[in-house]
Amino acid sequence: MRFETWSKSITTLDVDCVIVGVFEDGELTAEARLIDRASGGRLAKLLARGDFPGRLGETLLLADLPGLTAQRVLLSGLGARKSFGRKPWRKACTAAIAALTRTGVKSAAVALERPNADVLDDYYFGRAVAELTGAALYRVNDLKSGKKPKPAALAQVLAGPVAGSAARAVARGLAHGSAIAQASAVQRDLGNLPGNICTPRYLAEQARALARRHRSLTVRVLEEPALRREKMGCLLAVAQGSNEPPRLIVLEHKGGGRAEAPVVLVGKGVTFDSGGISLKPGAEMDEMKYDMSGAAAVLAALSFAAAVKLPLNVVGIVGAVENMPDGKAVKPGDIVTSASGQTVEILNTDAEGRLVLCDALYYARRFKPAAVVDLATLTGACVIALGHHHSGALGNDETLVRELIDAGVRADDRAWPLPLTEEYTEQLKSNFADFANIGGRDGGAITAAAFLAKFTQGMSWAHLDIAGVAWQGGAHKGSTGRPTPLLADFLLRRARA
Ligand code: BES
Ligand code: MN
Ligand code: ZN
């Protein structure tokens, strides 16, 4: 896909299709008016007949209007003028691109009316056009044996009208947005793969493949003997009930100064979470193949950093395991020793994510990180608290948590703060070990983070619970590619790129 800006008159643009907006009351936007005038009032006539009500998300493809270089015009409804803003604009843009992917259109110019610059500036406009196009073109990597549908013809999208320094900002946004869309697709592909294919070894192989593809990336994979040497008793306890051997994957992007402290991203990579001996109920258990979405987001973020040559040192650490019940599986009541030396009473084997993360987070320490952010589909409780709209954001450094939340707002991939105060830690008390791996039902998303906090002392650390946002169930079951856009924005700001 090629992304560019456009600036000359819409009537002479050399593309297969121009996309213009129409408001609900039949009001033509500025670009639509130019087309209307050039074509002898065709649009006004069509609207007067009531043929296009301008409802948000609806589109109408028109062919061969006189007075235009472009053979086609796609009208995209912008909804009511008074509620127009960033969100409706995104929806109209997505609907338009999606409509074009079902046609033979190869090149299109986005000429939709834009919301005010204070809600969508030039840079984020370009970024959104590329990201939304990438998302509209994404096809699930299904394993259906029938013929694959033909890929969409769309190969070039122009964003405008913009000129001068604004055009440069849009072009930068387009480049970043395109890289974010590709990174999101990396996350989605990994997430959508079934657990029998996307195993810990497979994740390690994919990390190696990324490192082969990008010069700035180096990879290291720790196998069982190395994990034992590192005394990762918690991670190994989760893995011991599975036939799939665990892996700790370390993927590094060296884009900053040699002595510069890196940002470390840590991902939960439970390639299937059956719950272990604390077996999950059967309904929707298949969705626990998505329990490696944090890991997938880490690999995606590193591929993004490499693709845009981010001037920043970034380390990705993935704890990859499968959580299964068998004769060797860890049992409720078992006590294990983490890499940090702290002992943990495993009261519920389904609270396995934190056991994987605690050893991976401890490993992060050796990089003397400027900041550590972990991403994990950690708790059902977070889904109860925030639904599917926001990731939960917690940590021991309020500035870092705020940084992530702000990145989520800019990236349209939002997170919301949850309080991580000391009271929650008390719920983890154990009679037999330093602490337990669960803290009861109340505040479950927070007690999970309180557990992680025991392993991140002295580091600037934040945790994103992405259990509600990383995939959707139901008829449109699939990975969403979140929180890759948030992470990309966070890294871009850290790099001041
Ligand atoms: N992977 C799950 C969390 C999860 C559940 C995410 C449902 C999305 C949807 C995690 O490993 C888990 O099982 N957490 C338990 C923790 C509990 C045992 C303290 C949970 O949330 O029920
Ligand atoms: Mn679990
Ligand atoms: Zn899990």
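Let me begin by describing the structure that accompanies this report. One numbering rule holds for all chains: residues counted from 1, following each sequence as written. Here the convention is simple: chains get letters from A, ligands get numbers from 1, in the order in which they are written. Where local features are concerned, this predicted model is filtered to residues with pLDDT of at least 70; where side-chain atom pairs are given and counted, the filter is 80 or more; whole-chain, interface and lining totals use all residues. For the side-chain quantities, the full set of heavy atoms in the structure was used; hydrogens and water were omitted.

### What to know about the overall build of the chain
- Runs of E in the DSSP output that reach at least two residues are strands. Runs of H or I that reach at least four are helices, and both are numbered from the N terminus. Regarding its fold elements, the chain presents 15 helices and 19 strands.
- The atom set for the radius of gyration is the C-alpha atoms, and the globule formula is 2.2 Å times the number of residues raised to the power 0.38. Its C-alpha radius of gyration of 24 Å places the chain within 12% of the 23 Å reference for a compact globule of 497 residues.
- Dimensions along the principal axes, computed over C-alpha positions, put the chain at roughly 85 × 50 × 45 Å.
- Accessibility here uses a 1.4 Å probe with only protein chains present; expressed as a share of the type maximum, an area under 20% marks a residue as buried, one over 50% as exposed, and anything in between as partly exposed. Relative to its 497 residues, the chain shows a buried fraction of 57%.
- In the chain, 78% of the contacts between residues at least 6 apart in sequence involve partners at least 24 apart.
- When the accessible surface of the chain is summed, it comes to about 20700 Å², and 50% of that surface belongs to carbon and sulfur atoms.
- Here the positive residues are Lys and Arg and the negative ones are Asp and Glu; neither His nor the chain ends is included. By convention, the charge on Lys lies at NZ, on Arg at CZ, on Asp at CG and on Glu at CD. Seen as two clouds, the 60 positive and the 51 negative side-chain charges of the chain have centres 6 Å apart. Contacts between residues were defined by any pair of non-hydrogen atoms, one from each residue, lying within 4.5 Å. Residue burial considers only the protein chains on display, and all accessible areas are found by Shrake-Rupley using a 1.4 Å probe.

### Section: the coordination of the manganese ion (ligand 2)
- All of the protein donors around the manganese ion (ligand 2) are Asp273 (OD), Asp350 (O), Asp350 (OD) and Glu352 (OE); their distances to the metal are 2.0 to 2.2 Å.
- Geometry at the manganese ion (ligand 2) is irregular, judged from the six donor atoms that bind it and their angles of 70 to 166° at the metal.
- All donors of the manganese ion (ligand 2) belong to a single chain; written as a sequence motif, their spacing is D-x76-D-x1-E.
- A separation of 3.1 Å is found between the manganese ion (ligand 2) and the zinc ion (ligand 3), which share aspartate 273 as a coordinating residue. Taken together, the residues span a long stretch of sequence, with aspartate 273 in strand S9 (residues 263-273) and aspartate 350 in the loop between strand S12 (343-346) and helix H10 (353-364) at a distance of 77 residues.
- According to the relative accessible area criterion, aspartate 273 is buried, its value standing at 3%. Because water is not among the atoms used, a metal site may look incomplete, as its donors are only the N, O and S atoms within 2.8 Å, or 3.2 Å for Na, K and Ca. A site with four donors is called tetrahedral when every donor-metal-donor angle falls between 85 and 135 degrees; four donors are called square planar, and six octahedral, when opposite donors sit more than 155 degrees apart and all other angles fall between 65 and 115; any other arrangement is irregular.

### A short note on helix H6 (residues 200-213)
- In this scheme, a helix's expected span is set at 1.5 Å multiplied by one less than its residue total. For H6, which comprises 14 residues, the first-to-last C-alpha distance of 20 Å matches the rise-based estimate of 20 Å (1.5 Å per residue) to within 8%.
- Pro200, Leu203, Ala204, Ala207, Ala209, Leu210 and Ala211 are the residues of H6 that are buried.
- The elements touched by buried residues of H6 are helix H5 (164-192), strand S7 (217-222), strand S8 (247-254), S9, helix H9 (293-307) and strand S10 (313-323).

### Re the sheet that holds S10
- Pairing within the open sheet is mixed, and its eight strands lie in the order S7-S8-S10-S9-S13-S17-S14-S15. Both outer strands of the open sheet, S7 and strand S15 (415-417), are each paired with one neighbouring strand and no more. Neighbour-to-neighbour, the strand axes of the sheet open up by a mean angle of 20°, direction not taken into account.
- Alignment of S9 against strand S13 (residues 371-376), held across five bridges, turns out to be parallel. By the bridge assignment for S13, glycine 267 is matched with leucine 375. One requirement defines pairing of two strands: DSSP has to find at least two bridges between them. Helix axes are fitted to C-alpha atoms over the stretch in contact, other axes to C-alpha atoms as well, and angles between N-to-C directions run from 0 to 180 degrees.

### Looking at the pattern of salt bridges
- Think of a salt bridge as a Lys or Arg side-chain nitrogen and an Asp or Glu carboxyl oxygen that are within 4 Å of each other. Enumeration according to the criterion identifies 27 salt bridges in this entry.
- A salt bridge links aspartate 122 to arginine 114; the shortest N-O distance between them is 2.7 Å.
- Given the relative accessible area of 25%, aspartate 122 is considered partly exposed.
- On the accessibility criterion, arginine 114 (22% relative accessible area) is partly exposed.
- Put simply, glutamate 224 and arginine 228 hold a salt bridge, and the shortest N to O gap is 4.0 Å. Taken together, the positions of glutamate 224 and arginine 228, both in helix H7 (residues 224-229) and four residues apart, correspond to about one turn of that helix.
- A relative accessible area of 31% places glutamate 224 in the partly exposed class.
- Take arginine 228: its relative accessible area is 52%, and that puts it in the exposed class.
- Taken together, the shared-partner salt bridges in this structure form one network comprising Arg127, Glu131, Arg410 and Asp489.

### Describing the coordination of the zinc ion (ligand 3)
- The coordination sphere of the zinc ion (ligand 3), as far as protein atoms go, consists of Lys268 (NZ), Asp273 (OD), Asp291 (OD) and Glu352 (OE), spread over 2.0 to 2.4 Å.
- The coordination sphere of the zinc ion (ligand 3) comprises six donor atoms, whose angles at the metal cover 78 to 175°; the geometry is octahedral.
- In terms of primary sequence, the donors binding the zinc ion (ligand 3) are separated according to K-x4-D-x17-D-x60-E.
- Classification of aspartate 291 as buried rests on a relative accessible area of 2%.

### Structural notes on the site of ligand 1
- Put simply, a residue is near a molecule or strand once any heavy atom of it comes within 4 Å of that molecule or strand. With respect to spatial proximity, 16 residues lie near ligand 1, and among them Lys280, Asp291, Asp350, Glu352 and Gly380 are the closest.
- Between a nitrogen atom of ligand 1 and a main-chain N or O atom of threonine 377, the distance comes to 3.3 Å.
- Three categories are distinguished: nonpolar for Ala, Val, Leu, Ile, Met, Phe, Trp, Tyr, Cys and Pro, charged for Asp, Glu, Lys and Arg, and polar for the others, with Gly belonging to the last. Residues belonging to the shell around ligand 1 are distributed by class as follows: five nonpolar, four polar and seven charged. Think of a polar contact as two N or O atoms within 3.5 Å of one another; within protein, one of them needs to be a possible hydrogen donor and the other a possible acceptor, and neighboring residues in sequence only count if both atoms come from side chains.

### Some thoughts on the nonpolar core
- Definition used in this section: a nonpolar core is a set of buried Ala, Val, Leu, Ile, Met, Phe, Trp, Tyr and Cys residues joined via side-chain atoms within 4.5 Å. In this structure, Ile19, Trp89, Leu203, Leu265 and Leu491 are the most contacted members of the largest nonpolar core, which totals 96 residues.
- With 11 residues, the top contributor of residues to this core is H9.
- Residue ranges assigned to the domains are those given by an automatic or database domain assignment. Split by domain, the residues of this core number at least three in each of domain 1 (2-180) and domain 2 (193-496).
- Ignoring anything within four residues of it in the chain, the contact list for leucine 265 reads Val298, Ala301, Leu302, Val314, Val315, Gly316, Ile317, Val373, Leu375, Leu487 and Leu491.

### A few points about the packing of helix H4 (residues 122-137) against helix H15 (residues 484-495)
- One way to put it is that H4 packs onto H15 with a least axis distance of 14 Å and a crossing angle of 145°. Of the two elements, H4 crosses H15, and the hand of that crossing is right-handed. Every residue of H15 that contacts H4 at Tyr123, Tyr124, Arg127 and Glu131 is listed here: Pro485, Asp489, Leu492 and Arg493.
- For the contact of H4 with H15, the class distribution of residues is four nonpolar, no polar and four charged. Note on convention: the crossing is left-handed when the near helix lies turned anticlockwise from the far helix by less than a right angle, right-handed when the turn is clockwise.

### Details of the environment of lysine 454
- Take lysine 454: it is sitting in the loop between helix H14 (444-453) and strand S17 (461-465).
- Once the C-alpha coordinates of lysine 454 and serine 340 are considered, the two residues, 114 residues apart in sequence, prove to be 9.4 Å apart.
- Excluding anything up to four places from it in sequence, lysine 454 contacts Gln342, Thr425, Leu428 and Phe435.

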